[in-house]
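# Coordinate inspection notes
If you want the building blocks of each chain, they are given just below.
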Number of protein chains: 2
Amino acid sequence: MGTNMPLDWSAVSHVTKVDPAEDLPADLGILGGTDLVIVGGSDGVTQENSLDVIRRIKSRFPDLPVFQEPYSSSHVSTETVEAADYLSVPAVYNGDQQNFVSKHLEFFTEIGNKPEEIVGSSLPVVGGLIASRGRDAIAELSEKVVGEGYVIQNLGSKAAGVSGVEREFTTEEVAGAALATESFYGFPIFYVEYSGTYGGPADVEAAAQYLDDTVLLYGGGIERNEQTHEILDAGADAVVVGDCFHDEPEQFRETLP
Amino acid sequence: MGTNMPLDWSAVSHVTKVDPAEDLPADLGILGGTDLVIVGGSDGVTQENSLDVIRRIKSRFPDLPVFQEPYSSSHVSTETVEAADYLSVPAVYNGDQQNFVSKHLEFFTEIGNKPEEIVGSSLPVVGGLIASRGRDAIAELSEKVVGEGYVIQNLGSKAAGVSGVEREFTTEEVAGAALATESFYGFPIFYVEYSGTYGGPADVEAAAQYLDDTVLLYGGGIERNEQTHEILDAGADAVVVGDCFHDEPEQFRETLP
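Residues numbered from 1 in each chain as written. Chains lettered and ligands numbered in written order. Predicted model: local features only at pLDDT ≥ 70, side-chain atom pairs only at ≥ 80, totals over all residues. Heavy atoms only, no water.

### Some thoughts on the overall build of chain A
When you go through chain A residue by residue, the secondary structure sums to 11 helices and eight strands. Within chain A, the fraction of its 257 residues that count as buried is 57%. Counting contacts in chain A only where the partners sit at least 6 residues apart, residues at least 24 apart contribute 67% of the total. With an accessible surface of roughly 9,700 Å², chain A has 44% of that area assigned to carbon and sulfur atoms. (Helix = DSSP H or I, 4+ residues; strand = E, 2+ residues; numbered from the N terminus. Buried < 20%, exposed > 50% of the residue type's maximum accessible area, 1.4 Å probe, protein only. Contact = heavy atoms within 4.5 Å. Areas by Shrake-Rupley, 256 points an atom, 1.4 Å probe, with all protein chains shown as cover.)

Below you can see the structure in the form of structure tokens.
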């Protein structure tokens with residue numbers, strides 16, 4: 001496991017996914033035990049609430065790596081790009097064409113080609129960055145973008161809905177998608193997302209056997225320390241814990257390795 | 001420009017695409033001036049004719065790098081993988097979902113997961129390799145696979161037909177696809193394919209501005225030395241010359257830089 005990102009993944013085994021559309025816990029101090037934060041949700045996310053959450057976390061924990069993971073470019077602004085360390089962009093293998101390729105091409109086409117026209121458009125990041133700092137900004141933004149090869153394994157989740165997922169993958173297909181990520185698509189992260197339900201270690205085990213240069217994340221339904229260890233033992237680099245961070249701070253603490 | 005492949009792209013400015021379904025010229029010696037060969041076509045390609053062509057080229061020019069570029073896994077066998085230096089696999093940005101993601105996932109799922117069951121199936125490479133040499137063969141095959149981010153710019157071509165292309169990209173979209181290749185999808189090659197028609201330098205110029213780590217190839221309608229130079233001057237790493245290799249050896253010579 002290792003990527004071109006200047007980020008020490010060997011120090012990351014617990015990731016917290018913070019939904020900017022939900023209330024933060026009264027005491028952000030519980031983030032002291034996590035190794036990385038991903039800011040993103042599947043409903044009600046805006047530029048403003050994303051920026052607010054990124055800044056609040058960074059002001060309390062300046063050294064904690066923070067990814068912004070938008071599902072639409074409308075969540076991204078010059079300020080969010082500058083406030084977060086990385087912009088992680090899912091490519092959903094079992095999603096529709098829009099969510100594996102089309103929206104990424106639109107995103108990069110807008111970034112690259114029509115800077116003046118898109119000031120104030122659906123991609124404010126681009127207009128702002130490019131108007132102020134020109135072509136270097138394209139390179140800077142590009143360097144912050146981290147592709148995530150995603151498989152969403154809970155058809156009933158909002159994540160599946162916004163990504164056009166109509167079918168969960170078999171364990172064999174998850175392994176194939178992992179091998180494709182490692183060998184063909186160059187995403188530095190492979191992400192198995194059970195979104196709200198605990199999927200157990202089978203997909204992680206199947207994926208891990210093919211991932212050397214790719215980071216393996218698992219998210220979904222982690223609420224107990226034994227689950228964290230089951231997933232890490234199966235070969236994930238880190239578990240991603242979301243829901244209970246917002247709702248059950250004590251439970252959240254139990255998910256720490 | 002540079003990739004993880006142990007291949008010196010700085011020495012490659014002229015690539016010959018050899019269609020295994022067409023007759024080879026009487027004298028293969030005209031390949032002495034080219035820097036790399038891609039074996040592949042869009043119609044009538046088989047394992048057998050692919051292997052025959054790869055072997056004939058390798059026996060005459062042992063040091064000339066040879067890629068096999070299948071459009072179906074049925075073109076690939078244990079022997080073709082061993083005979084060619086790389087297996088280059090197009091991912092067609094303006095193709096259908098099957099030609100950007102689905103068939104690759106199927107390919108890697110078959111490779112990874114059901115070695116015994118697929119002996120003799122549509123993926124003979126897998127059965128043969130894995131039956132004889134086990135899991136190392138998966139790693140070996142994976143290392144030989146080279147992803148190519150493709151844009152096919154001739155709707156009337158067979159290449160467009162077999163890839164489900166229904167729309168040519170604008171120059172701005174070509175640039176966006178190049179930026180996406182460089183920054184998001186990790187394909188080591190970006191390929192602008194005009195397949196049988198000369199497209200001029202505009203797409204190449206637009207793409208080249210965003211490609212540092214990605215090799216830029218242009219193919220389509222190159223028949224004269226001036227065209228080769230126009231494309232190279234626009235920023236392509238190499239031109240790919242196909243049709244006239246089979247039909248007009250003298251014209252082929254004129255395309256050399």
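### Digging into helix 9 (residues 225–233) of chain A
All names here are of chain A. Considered for burial, the residues of helix 9 that qualify are Gln227, Thr228 and Ile231. Taken end-on, helix 9 shows its buried residues confined to a sector of 100°, consistent with a single buried face. Looking at the buried side of helix 9, the elements it contacts are helix 8 (202–208), strand 7 (215–219) and strand 8 (238–241). Just past helix 9, the residue Gly235 takes up positive phi, approximately 120°. (Arc of directions from axis to C-beta.)

### Quick word on the pattern of salt bridges
Summed over the entire model, instances satisfying the criterion amount to 18 salt bridges over all chains. Put simply, Glu173 of chain A and Arg167 of chain A hold a salt bridge, and the shortest N to O gap is 3.0 Å. Given the relative accessible area of 42%, Arg167 of chain A is considered partly exposed. The salt bridge involving Arg56 of chain B is made with Asp52 of chain B; its shortest N-O contact spans 3.6 Å. One end of the pair is Arg56 of chain B and the other is Asp52 of chain B, both in helix 1 (residues 47–60) and four residues apart, which spans about a single turn. Among the charged side chains, a network of salt bridges with common partners joins Lys17, Glu69 and Glu193 of chain A. (Salt bridge = Lys/Arg side-chain N within 4 Å of Asp/Glu carboxyl O.)

### Some thoughts on the nonpolar core
Ranked by internal contacts, the top residues of the largest apolar core, which has 119 residues, are Tyr93, Phe100, Tyr185 and Phe190 of chain A together with Tyr93, Tyr185 and Phe190 of chain B. Not counting the four nearest positions on each side in its chain, Tyr185 of chain B is found in contact with Phe100, Val101, His104, Tyr185, Gly186 and Phe187 of chain A together with Tyr93, Phe100 and Ala180 of chain B. (Core = buried A, V, L, I, M, F, W, Y, C linked by side-chain atoms within 4.5 Å.)

### Regarding the relation of the copies chain A and chain B
With an RMSD of 0.0 Å, the operation that places chain A on chain B is a rotation of 180° combined with a shift of 0.0 Å along the axis. Those values place the two copies in the arrangement expected of a two-fold rotation axis. Ranked by how close their C-alpha atoms come to the rotation axis, the residues of chain A are headed by Gly186 of chain A, at 1.9 Å. Both copies share a contact surface, since 100% of the interface residues of chain A are interface residues in chain B too. (Least-squares fit on C-alpha atoms with pLDDT ≥ 70 in both.)

### Details of the interface of chain A and chain B
Counting residues at the interface gives 37 residues for chain A and 37 residues for chain B. For the chain A and chain B pair, buried surface summed over both sides reaches about 3,000 Å², with 66% attributable to carbon and sulfur atoms. Counting across the chain A and chain B interface gives zero salt bridges. Looking at which element gives the most residues to the side of chain A that touches chain B, the answer is helix 3 (residues 97–113) of chain A, with 10 residues. Within the side of chain A that touches chain B, the residues separate by chemical class into 20 nonpolar, 12 polar and five charged. (Buried area = accessible area lost by both parts, 1.4 Å probe. Nonpolar A, V, L, I, M, F, W, Y, C, P; charged D, E, K, R; others polar.)

### Structural notes on the sheet that holds strand 3 (residues 66–68) of chain B
All names here are of chain B. Strand order in the closed barrel formed by eight strands is 1-2-3-4-5-6-7-8, and the pairing between neighbours is parallel. Averaged over all adjacent pairs, the angle separating strand axes in this sheet is 30°, with direction ignored. Where strand 1 (residues 14–18) lies against strand 8 (residues 238–241), three bridges are found, and the strand directions are parallel. Directly across from Thr16, in strand 8, lies its bridge partner Val241. (Pairing = 2+ DSSP bridges. Axes fitted to C-alpha atoms, helices over the stretch in contact; angles between N-to-C directions.)

### A look at the environment of Phe61 of chain A
Residues and elements named next belong to chain A. Secondary-structure assignment places Phe61 in the loop between helix 1 (47–60) and strand 3 (66–68). On a C-alpha basis, the gap between Phe61 and Leu28 in space is 9.3 Å, while along the polypeptide they are 33 residues apart. Residues within four places of Phe61 in sequence aside, it is in contact with Leu28, Gly29, Leu31 and Gly32.

### A word on the side chain of Glu69 of chain B
Residue and element names in this part refer to chain B. Tracing the sequence through the fold places Glu69 in the loop between strand 3 and helix 2 (78–83). A distance of 2.9 Å separates a polar atom in the side chain of Glu69 from a polar atom in the side chain of Lys17. The contacts of Glu69, once residues within four sequence positions are left out, are Lys17, Ile38, Val39, Gly40, Ser88, Pro90, Glu148, Tyr150 and Tyr191. (Polar contact = N/O pair within 3.5 Å; in protein donor to acceptor, adjacent residues only side chain to side chain.)

### Considerations on the environment of Tyr218 of chain B
Residues and elements named next belong to chain B. Inspection of the secondary structure assignment puts Tyr218 in strand 7 (residues 215–219). Classification of Tyr218 as buried rests on a relative accessible area of 0%. Distance in space between the C-alpha atoms of Tyr218 and Asp237 is 8.3 Å, their sequence separation being 19 residues. Contact partners of Tyr218, with chain neighbours within four places excluded, come to Val192, Tyr194, Thr197, Tyr198, Gly199, Gly200, Val204, Ile231, Ala238, Val239 and Val240.

So yeah, pure geometry; function would need other evidence.
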